[in-house]
Amino acid sequence: MYCLLKLASLFVAIAVSHGWLFNDSGKKLSALDEIALWPLPQKFQSSAVSFQLGANSFQIVHAKKSTAGPSCSLLQNAFRRYFEYIFGEARKQDKSRKRDSNANLVELQVWITSADPECKGYPNLQSDESYELSVDQPSAVLKAPSVWGALRGLETFSQLIYEDGNGANNINKTAISDFPRFAHRGVLLDTSRHYLPLKVILANLEAMAINKFNVFHWHIVDDPSFPFLSRTFPELSQKGAYHPFTHVYTPSDVKMVIEFARMRGIRVIPEFDTPGHTQSWGNGQKDLLTPCYSGSTPSGTFGPVNPILNSTYEFMTQFFKEISTVFPDAYVHLGGDEVDFSCWKSNPDIQRFMEQHSFGTDFSKLESFYIQRLLDIVTTTKKGYMVWQEVFDNGVKLKADTQIHVWKGRPHYQDEMAQVTAAGFNALLSTPWYLNRIGYGQDWMNIYKADPQNFTGTDEQKKLVIGGEACLWGEYVDATNLTPRLWPRASAVAERLWSDENVRDLGNAYTRLAQHRCRMVKRGIPAEPLFVGHCRHEYKGQ
């Protein structure tokens, strides 16, 4: 496999150097063209004509016709961020000043065309992330309906810039028309199994923006710990976190994450998974969990959330009312997966409840009873909800806009995707993208080849697939190794969810991804290497 991959990448390198590669217009690409763009745009044209730009003469500005001006702090922040990405190293080494006399691209004009540029809003499932980018002398123009598309276009513009033989910044004459294939492109991070410091979360949000992801699925609590500091129920974290002060996310921390993400066009969707995965909840909330029995006596252990007590639903009502005010996104992930029925089966009170409700011995009916009441509670908060596939599989009555998150069925997830969409629900795929599952070698290739729409179904069913998520569960990752394990493997998911479905050439992808990985390293993201080689700007450490 290594030999085949190496031969493929060598062929690509030779082909580029000899001008044998073509873009979608049939024009030859040089080695300095868009070969390193990631994810690959929907449509692009490029020529060998190049322009030079320097830190002392180039600027990113609002176009005169733009509906967003200097008061749009989201764009102003992005202008400064991308200017630093482009010129930061040259400015530190004082290289740019002497070369500015040769610069002939003086500005990038950013033009927001819609009446509402959404500068102060939050990204959502319906956000328009399309953009058009034209690079020509003397000005480049980035045109987008909303600020969210402008952010994606700024990233593409920054990726087009390369250093010539003299170390000067250059960009080729280019025309790009781009938009994402899927509206939901997410990364799940687990902060329960290992607490992730705020700086690690923010660094990975930055990496997500570099890869055009737009959803941070925050699996914030689980069995091992409850680091979310609830104002309504502070004992949940005081007794459920690894440490009540150092290993919690305060309201100001959560607010910072949400705003940092918003400035990069990223939604923050929290997950509070019940009735399973709740051992840490029970530490701070009396009688929430089901007492398990050994024969006729309590064993001293506890199982899932107790679904037969009114106090359970009173607690959930207050808790999710708070969550709805803390997290602005229209959706919350409610979990609903991997419920162990053994404790419920052992409890005599549960057994009597089952008889009274004619559930027989089918404990999935009890689970559905709980989930249905929880969904009704969340509906009153005006939130939509996402659930893991078991909730759908167990026949729970769901709202039409429910998003079903498919994670099981390895390797045959296609049947589940077909069933979910046939029932008329929006589907998200994660089954082939559990990045905590690692293997020696080029495992990014299988990640790259998986496709959310690769199942037997009608065109209408395929339209119900809104995207997918790369998931990195936290059993074996913490602040020391999370980022290099995630990147650039998650980048393979990013391109599958953004680019045209026909973008599948592994040789071309390897060449671009290797360069994109070096780009992330240069920007301070310690992404692991794909294979042997080196980056021009080696990572120096933080």
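Coordinates for the structure precede this section.
Residues numbered from 1 in each chain as written. Predicted model: local features only at pLDDT ≥ 70, side-chain atom pairs only at ≥ 80, totals over all residues. Heavy atoms only, no water.

Can you tell me about the pattern of salt bridges, naming the residues and giving the values?
Pairing between side chains of opposite charge can happen when their charged atoms approach one another. Taken as a whole and judged by the stated rule, the model has 21 salt bridges. We note a salt bridge from Arg536 to Glu163, for which the minimum N-O separation is 3.3 Å. With a gap of 373 residues between them, Arg536 in the segment after α19 (506-522) and Glu163 in strand β6 (residues 162-163) connect regions that are remote in the sequence. On the basis of relative accessibility, which here comes to 62%, the residue Arg536 falls in the exposed class. Two residues, Arg181 and Glu501, come together in a salt bridge whose shortest N-O distance is 3.9 Å. (Salt bridge = Lys/Arg side-chain N within 4 Å of Asp/Glu carboxyl O. Helix = DSSP H or I, 4+ residues; strand = E, 2+ residues; numbered from the N terminus. Buried < 20%, exposed > 50% of the residue type's maximum accessible area, 1.4 Å probe, protein only.)

Just give me the short version of the pairing of strand β15 (residues 403-406), but keep the residues and values in it.
Both faces of β15 are covered, namely the face carrying Gln403 and His405 and the face carrying Ile404 and Val406. Examined bridge by bridge, strand β14 (residues 384-388) and β15 share three bridges and lie parallel to one another. The partner of Trp388 across the bridge, within β15, is His405. You can see the chain leave β15, run along helix α14 (residues 414-422) and come back into strand β16 (residues 426-429), and the turn it takes is right-handed. (Pairing = 2+ DSSP bridges. Right-handed = clockwise from strand over helix to strand, strands pointing away.)

Please provide a residue-by-residue account of the side chain of Thr274, values included.
In this structure, Thr274 sits in the loop between β10 (267-271) and α8 (279-284). For Thr274, a relative accessible area of 0% translates into the label buried. Reaching out from Thr274, the side chain makes a polar contact with the side chain of Tyr370 at a distance of 2.7 Å. (Polar contact = N/O pair within 3.5 Å; in protein donor to acceptor, adjacent residues only side chain to side chain.)

Help me get a handle on helix α12 (residues 363-380), residues and values and all.
Its 18 residues give α12 an end-to-end C-alpha distance of 26 Å, which sits within 8% of 26 Å, the value for a rise of 1.5 Å per residue. Taken as a whole, α12 has its buried residues at Phe363, Ser364, Leu366, Glu367, Ser368, Tyr370, Ile371, Leu374, Leu375, Ile377 and Val378. Positive backbone phi, at 70°, marks Lys382, one or two positions downstream of α12. (Expected span 1.5 Å × (residues − 1).)

Any details on the environment of Ser50? Residues and values, ideally.
Structurally, the position occupied by Ser50 is in strand β1 (residues 43-52). For Ser50 and Ala492, which are 442 residues apart along the polypeptide, the C-alpha to C-alpha distance reads 29 Å.

Account for the packing of helix α11 (residues 348-356) against α12, naming residues and giving values.
Taken N-terminus to C-terminus, the directions of α11 and α12 make an angle of 90°; their axes are 11 Å apart at the nearest point. Taken as axis vectors, α11 and α12 run roughly perpendicular relative to one another. Seen from α11, the contacting residues are Ile350, Phe353 and Met354; seen from α12, they are Phe363, Leu366 and Phe369. Residues belonging to the contact of α11 with α12 are distributed by class as follows: six nonpolar, no polar and no charged. (Axes fitted to C-alpha atoms, helices over the stretch in contact; angles between N-to-C directions. Parallel < 35°, antiparallel > 145°, perpendicular 65-115°, else oblique. Contact = heavy atoms within 4.5 Å. Nonpolar A, V, L, I, M, F, W, Y, C, P; charged D, E, K, R; others polar.)

Explain the packing of aromatic side chains residue by residue, including any values.
A complete count under the given rule lists 34 aromatic pairs for this structure. Taking 6.4 Å as the distance between ring centres and 90° as the angle between the ring planes, the aromatic pair formed by Phe272 and Phe320 counts as edge-to-face. One end of the pair, Phe272, is in the loop between β10 and α8; the other, Phe320, is in helix α9 (residues 310-326), with 48 residues separating them in the sequence. The same class applies to Phe272 as to Phe320, namely buried. Plain terms: the ring middles of Trp281 and Phe315 are 6.3 Å apart, the flat faces sit at 75° to each other, and that makes the pair edge-to-face. Of the two residues, Trp281 sits in helix α8 while Phe315 sits in helix α9, which places them 34 residues apart along the sequence. The two residues Trp281 and Phe315 agree in class, both being buried. Between Arg373 and the ring centre of Tyr313, over which it is positioned, the NZ or CZ distance is 3.8 Å. Here the guanidinium or amino end of Lys462 rests over the ring plane of Phe455, the centre of that ring lying 5.2 Å away. (Phe/Tyr/Trp six-rings, centres within 6.5 Å; stacked < 30°, edge-to-face > 60°. Lys NZ or Arg CZ within 6 Å of the ring centre and 35° of its normal.)

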